[in-house]
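Fold and contact review
If you want the building blocks of each chain, they are given just below.
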Amino acid sequence: MSAEVLVCGAGRTPFGRTEESGRQLAVRAAGAALADAGIGWSRVRAAFGGSDSAGLADTLVSRLGLTGIPFVNVKNGCATGGSALVSAVNAIRAGMADVVLAVGFDKHPRGAFDPRPEDWGLGEEYGRDGLMVTTQFFGMKIRRYIHDHGITSETLAQVAEKAYRNGELTPEAWRRKPVTAAEVLDSGMVSDPLTRFMFCSPAAGAAALVLCSPAAAREMAGSPVALRAAAVRTRRFGSFEVFSPWIPGGELTSVSRDASAAAFEEAGIGPEDVEVCQLQDTESGAEVMHLAECGFCEDGEQGGLIASGGTAIGGRLPVNTDGGCIANGEPIGASGLRQVYEVVQQLRGAAGERQVPGEPRVGFTHVYGAPGVSACTVLIR
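Everything numeric here is computed off the predicted structure, so don't read it as measured data.

**Focus: the pairing of strand β11 (residues 373–380)**
Buried residues dominate β11, accounting for eight of its eight residues. Alternating positions in β11 separate into two faces, Val373, Ala375, Thr377 and Leu379 on one and Ser374, Cys376, Val378 and Ile380 on the other, with burial throughout. Of the pairings in the sheet, the one linking strand β8 (residues 225–234) to β11 comprises eight bridges and is antiparallel in character. Bridge assignment links Leu227 to a residue of β11, and that residue is Leu379. Pairing of strand β10 (residues 362–369) with β11, which is carried by eight bridges, proceeds in the antiparallel orientation. In the strand pairing of β11, Val367 is matched with Ala375.

**Considerations on the pattern of salt bridges**
This structure, assessed with the given rule, holds 13 salt bridges. For Asp148, the salt bridge goes to Arg144, with nearest N and O atoms at 3.7 Å. On the criterion of helical spacing, the pair formed by Asp148 and Arg144 is a turn pair, its members being four residues apart in helix α5 (residues 134–149). Counted as one network, the salt bridges with shared partners bring together Arg43, Asp98 and Glu219.

Cut-offs applied
The residue numbering used here restarts from 1 in each chain and proceeds along that chain's sequence as written. Reporting in this predicted model follows two pLDDT cut-offs: at least 70 for local features of residues, and 80 or more for side-chain atom pairs to be given and counted; totals over whole chains, interfaces and linings ignore these cut-offs and use all residues. Only hydrogens and water are set aside when side-chain values are computed; all heavy atoms of the structure are taken into account. We call a residue buried when its accessible area falls under 20% of the maximum for its residue type, exposed when it is over 50%, and partly exposed in between, using a 1.4 Å probe and counting protein chains only. Secondary structure elements follow DSSP: runs of H or I no shorter than four residues count as helices, runs of E no shorter than two count as strands, and numbering proceeds from the N terminus. One bridge is not enough; two strands pair if DSSP finds at least two bridges between them. The term salt bridge refers to a side-chain nitrogen of Lys or Arg lying within 4 Å of a carboxyl oxygen of Asp or Glu.

Here it is as structure tokens:
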């Protein structure tokens, strides 16, 4: 088990549409995290952060304060926030700094994510044949999983129904109107089997964390939560990814399996010990697949688990208690840190109407992004 790092401050902004710039949102989230910890920017000794499309994180010092600290830009797809967090953790463990800020932010235009194939060294035909637009890729991926493991469209709809129900309880969420599973199924097909209400939407928002060594945490005003493990992994041969120019014909590998296994090994616990978790849910199929890939059930068992309410706030494994990406939207740089923010609130007993009963003590977060990157954390109160 690695040296302990504590989350002493956590802040986020509302997600959705806004007139504010991504950088303005980042400053707001950082300010909220610093206030939660009871410290000023001058106490921070290093920072890591990034966005996908809202600019460089190191330029935030023009608003936060010109204190001269090292501020490293991070860009790692949907795992940007999680990767910034891992970098911050390692900085504390290495003795580089005793108080570190991790921040993620973004602001995206309307419409599906559709990066240019040439940016990834791929030919024009890759996008033309339907593998670049994210909605099409996710439809293909869950369609194969349905074929292999018997997941139904009703299960996919129930995932979205839960997300919107939890979003209603989350003041910072974008989508706060409950939607029934029947309405999800009837919302219009986008990429079979995924309907419109099964997808998240590109959004604007920011989240930030103040991380501290145990000694520095004694100065803080916040209620600390131990970040017992933080791991990032990239894909291996045989993965099926949005920017991989092939579809494996044999058994698939999973970067999420690798990252979650590494996090659990580092923390010295297993999936059975987790009492509240956040799983990447860019669409309903992602949450279904990640339940198994992160070790919380076997492939094909998700239908029974979800239908029984097992992943609801009062279930045996509450998943995405804030509504996840489906209800909050996806500002790419912020999502991984939003997940940790939510688990910190749950472990503190400060999640309000969406609080998991029974005083949960162990939380887990998982983020997955193109072109096959996953970041996972284990938090303990």
